[in-house]
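Inside the fold
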Amino acid sequence: MNVTQHNLCPRERSSSSPAATDPITLEIIKAQLVAIPNQIERNIERTAFSPLVYEYKDFAVGLVDPAGRLVAQSRGSLPIFVANALGTAVREGLSILGAENIHDGDVVISNSAAWMGQHLNNVIAYSPIRVEGGLIGFFAVLVHWVDIGGSVPGSCLSSSTVDVWQEGIQLPTLKLIERGMRRSEIFRLIETNTRFPHLLMGDIEAQLGGCEAGRTMMEAIIARYGVAAVREAISIIWRDSEASVETVLRRAPQGRYHASSILDNDGVRLDVQVPVDVDVEIRDGRLTVDFSRLSRQVVGPFNAGRNGGAIAAARIACKYLLAPSTPVNEGDFARLHVEVPEGTFLSAGRGAAIAQSGSMVPTVVDTIMLALGDAFPDRAAAAHHGIYGVHSFYGHNPRSGELFQHLDTVSGGWGATAAADGPGPFRSNGHGDVPDVPVEMQEVFYPYRLIAKRLRPDSGGPGRNRGGLGVEKVYAIAHPCKMIVAFDRTLCPPWGIAGGESGQPAGVEIVRANGEREALTKGERSLGVGDSVHVMSGGGGGYGPAYERKPDAVVNDVRLGYVSAEAAAERYGVVLDAGGAFNSSATEKRRAEMRAARRIGIAHEACDF
């Protein structure tokens, strides 16, 4: 098998060199390096044109060194971007153009499927930071471009494309601005290939402004403190992050761990499941994630390239488990090693459909963390809802007659731990904490009303600690339009751990004006006036046997509407009388039955082996 191995953070070590700058100044520089991307993030929020950027915040801002190694990234960046995106684009540019041919005043853009490995809407712009002719690094801004052509409005939303050429225009390392001069032919090319030129060109201006402002702020820091001091601060950022991760890994039990899960299908072959098999090894202060047994590249768009798939998933899991509370940088991944053969659905080859490139990642991250649960029992969590849950509406606005398109994803329950109930509802672990587009704004811009948004009772997995709850949204359609859906994890619901039970899976149900109902997980449907769409996210898995949950906690869950009285009795063994009062004798009897059933089940499992 042809296996590619990645040393994700090769670098020279200089820990033996004497410090050239006093510690207080170094701390100030470090804080400023981290602060600049956050400042630019806020600027982009204020200047972007599309709600996908200024409300949903589908973008990332960061600083990388001359080799494309991550120095700092904005705190609001999506984890899928934090993991690998900015540096990957820069490394592609260096390989194609060479550092000597990226000049002051240049802005380079790329959405290369081969290098980035993410859907084509994710376009990175970066500009060199040079001082006295020397290259110090690059300031980079990734923005999800609202539409870049392709077979459907929004470009990346289809769940049934079969090659990348159906998904939009490809921009493989092009100079959008060269030595400060705009290349008008490239701007015209982009504007011609989008359905929403006003929104997209406005977002691009915000993106370019972010690159310029970030570069200027970095130049000011270098002018104040000097190149040597800034480089020393970067080296310390990396060193400290690596040391922190190494400490956690050396304290963990050494060994090789395995976990598996499944994805429902690839959007085209709806009856073919996609197994996810992951091996993880902890050895000598290093973490190896081995995807050698991963399923092969699929026909539909649920693929990703190596950098946007396998490496991104491994990095996200590494950051969540080993260093969740510190700003991200390349040092976080210095101890991570990824093995992945060519041609899996997370290392897809040239031409593979990748429109839904991020949709599989949350499940893969969950699976990696499941494998590591035994090594980090104090950090282990049951599975979260585990999907993007893409649901998009498009059509023509009845007031203006113009084409509209609105993309959204779900927030759902996260998994419980040994210490607490599962949190949420939150986005997937590939999203981070991106917010919702306000309901009032949606109802002004788009021809539907959101008539309900509520927690789903009983959706959290039962356990000693309960999984977080999913959400139900109900759209009332006021004008004919179309909807595209890409959901998953219905065949592999968010699992519980340590005896906890699974959360409820996600799903979509269309209720027609005539009362007919249709359940849907992937595909496109036409909607008419009077139809309604119920979008339901999954709940998180539970931790520990449900009959061990404190009765007063279950009673409180029932009072708050998180758990029904029926589920309290059936799943938790807590019986309430007709008036809702706690029935201690009936509860004791029911829980004794549940404990006995569990003992029998464990005995049967032992016999199966």
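Residues numbered from 1 in each chain as written. Predicted model: local features only at pLDDT ≥ 70, side-chain atom pairs only at ≥ 80, totals over all residues. Heavy atoms only, no water.

**Concerning the overall build of the protein**
Here is the rule we go by: Each helix is a run of DSSP H or I of at least 4 residues and each strand a run of E of at least 2, with the numbering of both proceeding from the N terminus. The globule rule is 2.2 Å times the number of residues to the power 0.38, and the radius of gyration it is compared with is taken over C-alpha atoms. Each accessible area value is a Shrake-Rupley result obtained with a 1.4 Å probe; residue values ignore everything except the protein chains displayed when judging cover. Note on charges: Lys and Arg go in the positive column, Asp and Glu in the negative column, and His and the chain ends are not counted at all. Charge positions come from single atoms, namely NZ of Lys, CZ of Arg, CG of Asp or CD of Glu.
Counting its secondary structure elements, the protein contains 14 helices and 21 strands. In summary, the protein has a C-alpha radius of gyration of 25 Å against a globular reference of 25 Å for 609 residues, a match within 12%. Taking the principal axes of its C-alpha atoms as reference, the protein extends roughly 80 × 65 × 45 Å. A total of about 23800 Å² of accessible surface is found on the protein, and carbon and sulfur atoms cover 53% of it. Charge separation in the protein, taken as the distance between the mean sites of 59 positive and 68 negative side-chain charges, equals 2 Å.

**So, the side chain of E242**
In plain terms, the rule: When accessible area is computed with a 1.4 Å probe and restricted to protein chains, residues below 20% of their type maximum are described as buried, those above 50% as exposed, and intermediate ones as partly exposed. N or O atoms within 3.5 Å of each other form a polar contact, as long as, within protein, one can give a hydrogen and the other can take it, and as long as residues adjacent in sequence are counted only when both atoms are side-chain atoms.
Positionally, E242 belongs in helix 8 (residues 227-251). Classification of E242 as buried rests on a relative accessible area of 4%. Here the side chain of E242 touches R335 through a polar contact of 3.2 Å, side chain to side chain.

**Observations regarding unusual backbone geometry**
With the exception of glycine, most residues fall at negative phi, and the peptide bonds are largely trans. The peptide bond linking G424 to P425 adopts the cis configuration, its omega dihedral lying at 10°. Summarising the element assignment, P425 is placed in the loop between strand 14 (403-408) and helix 11 (439-445). Non-glycine residue T173 carries a positive phi angle of around 55°. Relative to the helices and strands, T173 is located in the loop between strand 6 (134-144) and strand 7 (174-178). Overall, the relative accessible area of 8% leaves T173 in the buried class. Positive phi outside glycine occurs at A498, with the angle close to 55°. Structurally, the position occupied by A498 is in the loop between strand 17 (481-486) and strand 18 (507-511). Taking the relative accessible area as the measure of exposure, A498 reaches 46% and is therefore partly exposed.

**Description of the packing of aromatic side chains**
The relation between two aromatic rings is expressed through the spacing of the ring centres and the mutual angle of the planes. The cut-off we apply is this: Two rings from Phe, Tyr or Trp (for Trp, the six-membered ring) form a pair when their centres sit within 6.5 Å of each other. Planes less than 30 degrees apart are called stacked, planes more than 60 degrees apart edge-to-face, and all others tilted.
One pass over the full model with this rule turns up eight aromatic pairs. Judged by centre distance (5.7 Å) and plane angle (85°), the ring pair of Y126 and F138 falls under edge-to-face. With a gap of twelve residues between them, Y126 in strand 5 (residues 122-131) and F138 in strand 6 connect regions that are remote in the sequence. Each member of the pair, Y126 as well as F138, is classed as buried. Considering the side-chain rings of F393 and Y448, the 5.0 Å spacing of their centres and the 45° angle between planes classify their relative orientation as tilted.

**Some details on the nonpolar core**
Operational definition: Residues enter a nonpolar core if they are buried and are Ala, Val, Leu, Ile, Met, Phe, Trp, Tyr or Cys, with the set joined through side-chain atoms within 4.5 Å. An automatic or database domain assignment provides the domain bounds reported here.
L33, W145, L287, F291, F345 and L372 are the most contacted members of the largest nonpolar core, which has 136 residues in total. The residues that make up this core include at least three from each of domain 1 (23-243) and domain 2 (381-544). Residues Y446, Y448, L450 and L520 belong to the second largest nonpolar core, which totals 20 residues.

**Considerations on the domain arrangement of the protein**
The condition is simple: The criterion used for residue contact is that any of the two residues' heavy atoms lie within 4.5 Å. In short, buried area is how much 1.4 Å probe accessible area vanishes from two parts on joining, totalled over both. Any Lys or Arg side-chain nitrogen found within 4 Å of a carboxyl oxygen on Asp or Glu counts as a salt bridge. Only Asp, Glu, Lys and Arg are considered charged, only Ala, Val, Leu, Ile, Met, Phe, Trp, Tyr, Cys and Pro nonpolar, and every remaining residue, Gly among them, polar.
The domain architecture assigned to the protein consists of domain 1 (23-243), domain 2 (381-544) and domain 3 (547-609). Of note, the centres of domain 2 and domain 3, computed from C-alpha atoms alone, are 28 Å apart. Contact with domain 2, which involves 13 residues of that partner, is made by eleven residues of domain 3. At the boundary of domain 2 with domain 3, total buried surface from both sides reaches about 1000 Å², with 42% on carbon and sulfur atoms. Among the residues domain 2 hides against domain 3, the three largest losses belong to D458, R464 and R466. Together they make up 48% of the total. Note that R571 and E501 form a salt bridge whose closest N and O atoms lie 2.5 Å from each other. Linking domain 2 with domain 3 are seven residue pairs in polar contact (both at pLDDT 80 or more). For the side of domain 2 that touches domain 3, a count of residues per class yields four nonpolar, four polar and five charged.

**Description of helix 6 (residues 184-192)**
Residues lying three or four places apart along an α-helix face the same way, a consequence of the helix completing one turn every 3.6 residues. The condition that has to hold: Note that the arc is defined by the directions from the helix axis to the C-beta atoms.
Within the sequence span of helix 6, burial applies to I186, F187 and I190. Across the axial projection of helix 6, the buried residues extend over an arc of 100°, all falling on one side. In helix 6, the exposed positions angled more than 90 degrees off the buried face are occupied by R188 and T192. Buried residues along helix 6 sit against strand 4 (107-110), strand 7, strand 8 (181-182) and helix 7 (197-225).

**Description of the sheet that holds strand 21 (residues 532-536)**
To be explicit about the condition: Each pair of strands is called paired provided DSSP finds at least two bridges between the two strands. Note on geometry: axes are C-alpha line fits, over the in-contact stretch for helices, and angles between N-to-C directions span 0 to 180 degrees.
Strand order across the open sheet formed by five strands is 15-16-21-18-19, with antiparallel pairing between neighbours. Pairing within the sheet leaves two strands with one partner each, and these edge strands are strand 15 (448-455) and strand 19 (517-520). Ignoring which end each strand starts from, the neighbouring axes of this sheet average 15° apart. With four bridges joining them, strand 18 and strand 19 adopt antiparallel strand pairing. In the strand pairing of strand 19, V508 is matched with L520.

**Examining the environment of T47**
With respect to the helices and strands, T47 occurs in helix 1 (residues 23-47). Look at T47 and you get partly exposed, because its relative accessible area is 40%. If we skip the residues at most four places from it in the chain, T47 touches G202 and A206. A polar side-chain atom of T47 sits 2.9 Å from the main-chain carbonyl oxygen of N43.

**Focus on a nonpolar patch on the surface**
Short version of the rule: In this scheme, patches are assembled from residues that exceed 30% relative accessible area and form no salt bridge. Like charges are connected within 9 Å, while nonpolar side chains (Val, Leu, Ile, Met, Phe, Trp, Tyr) are connected within 5 Å.
Where nonpolar side chains cluster on the molecular surface, the patch consists of V162, V268 and V299 and spans about 190 Å² of accessible area. Tracing the chain through its elements places V268 in the loop between strand 9 (255-263) and strand 10 (274-283). We classify V268 as partly exposed; its relative accessible area is 33%.

**Re the sheet that holds strand 8**
Here we have seven strands laid out as an open sheet, ordered 3-2-6-5-4-7-8, and antiparallel in their pairing. Each edge of the sheet is formed by a strand with only one pairing partner; in this case those strands are strand 3 (70-73) and strand 8. As paired elements, strand 7 and strand 8 share two bridges and run antiparallel to each other. Within strand 8, the position partnered with E178 by the bridge is M181. Along the sheet face, helix 1 touches strand 2 (59-64), strand 3 and strand 6 and points at about 150° away from the line of strand 2.

**Focus on the environment of G133**
With respect to the helices and strands, G133 occurs in the loop between strand 5 and strand 6. Classification of G133 by relative accessible area gives exposed; the value is 63%. Along the sequence, G133 and D104 sit 29 residues apart, while their C-alpha atoms lie 8.8 Å from each other.

**Quick look at the pattern of salt bridges**
This structure, assessed with the given rule, holds 41 salt bridges. Residues R335 and E246 are paired through a salt bridge, measuring 3.5 Å at the closest nitrogen-oxygen approach. Of this pair, R335 sits in the loop between helix 9 (307-322) and strand 12 (336-341) while E246 sits in helix 8, and the two are 89 residues apart along the sequence. A single burial state applies to R335 and to E246, both of which are buried. Linking K319 and D332 is a salt bridge whose minimum nitrogen-to-oxygen distance equals 3.0 Å. Here K319, found in helix 9, pairs with D332, found in the loop between helix 9 and strand 12; they are 13 residues apart in sequence, far enough to count as distant. With a relative accessible area of 2%, D332 lands in the buried category. Each of D408, R427, D436, K453 and K473 takes part in one network of salt bridges that share partners.

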